[in-house]
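# Overview (structure and organization)
Here's the letter readout for the chains.
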Amino acid sequence: QASTTLYRGLLAAGLPVVKRTSHSMYVSYYEQGGVGLDATVYKGNPDLTFLNDTGNYILLQAYDDGDDAYVHIYGTPDGRVATTEGPYFTQTAPPDFSDSGHPLQRNEIGWRHEVIYADGTVKSAVVISTYKSLPKSIVNKYTAITAAKQIVALETGQQ
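This text gives an overview of the structure that appears in the document.

### Some words on unusual backbone geometry
Along the chain, Asn45 connects to Pro46 via a cis peptide bond; the corresponding omega equals 0°. Residue position: Pro46 is located in the loop between β1 (17-19) and β2 (49-50). The omega torsion of the bond from Gly86 to Pro87 falls at 5°, within 30 degrees of zero and hence cis. Among the structural elements, Pro87 can be located in strand β5 (residues 81-88). Of note, Ser100 is a non-glycine position whose phi angle comes to about 55°, a positive value. On the secondary structure map, Ser100 appears in the loop between β5 and β6 (108-116). Judged by its relative accessible area of 69%, Ser100 is exposed.

Structural data, given as structure tokens:
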């Protein structure tokens, strides 16, 4: 749980993740907070590595409160804004969604992550979690949610 919580904090803070591995099996209790946005670590390998590109010190504070884990990332604000869009599955991914030209597979969940820096520089990345298998109930649930969002967007004229 600590690695997934840290990973989600890094995404929210807009800090570059250099190395990350999703769990090999889909973990249902990570659905809250971003289905498919998990990370696993194990002594030796796999690892979770990130870069502090802020030019200042950062402080990580991690703790638990019973069954919940928390990670706070403190640092000097530099004006960056991070956004994460998804989740995407093979049935719901936009036509241009791919990782280096490879479209999502049936056992993968994808997200788009974008960081806009104070100077206007934009860094975009595709986040893909690959599992041995994905429960059909999760795929169906998020396919239905995506379809409902598209209908609402069309009805309100937004795209």
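### A few points about the pairing of strand β4 (residues 68-75)
Relative to β4, strand β3 (residues 58-65) runs antiparallel, the two being bridged by eight bridges. Bridge pairing in β4 places Gln61 opposite His72. Connecting β3 to the next strand, β4, in antiparallel fashion are two residues, including Gly66 with a positive phi near 75°.

### Here's the deal with the environment of Tyr131
Within the element layout of this structure, Tyr131 appears in the loop between β7 (122-130) and α2 (136-156). In the structure, Tyr131 is positioned 26 residues away from Gln105 in sequence and 10.0 Å away in space, judged by C-alpha atoms. With residues up to four places along the chain from it excluded, the contact list for Tyr131 reads Ser22, His23, Ser24, Met25, Tyr26, Gly36, Asp38, Asn107 and Ile109. Looking at Tyr131, its side chain comes within polar contact range of the side chain of Asp38, at 2.3 Å.

### Points about the pairing of β7
Bridging between β6 and β7 involves nine bridges; their strand directions are antiparallel. Bridge assignment links Glu108 to a residue of β7, and that residue is Thr130. The antiparallel hairpin formed by β6 and β7 contains five residues in its connecting segment, where Gly120 sits at a positive phi of about 95°.

Scoring rules and cut-offs
Residues numbered from 1 in each chain as written. Predicted model: local features only at pLDDT ≥ 70, side-chain atom pairs only at ≥ 80, totals over all residues. Heavy atoms only, no water. Helix = DSSP H or I, 4+ residues; strand = E, 2+ residues; numbered from the N terminus. Buried < 20%, exposed > 50% of the residue type's maximum accessible area, 1.4 Å probe, protein only. Pairing = 2+ DSSP bridges. Contact = heavy atoms within 4.5 Å. Polar contact = N/O pair within 3.5 Å; in protein donor to acceptor, adjacent residues only side chain to side chain.

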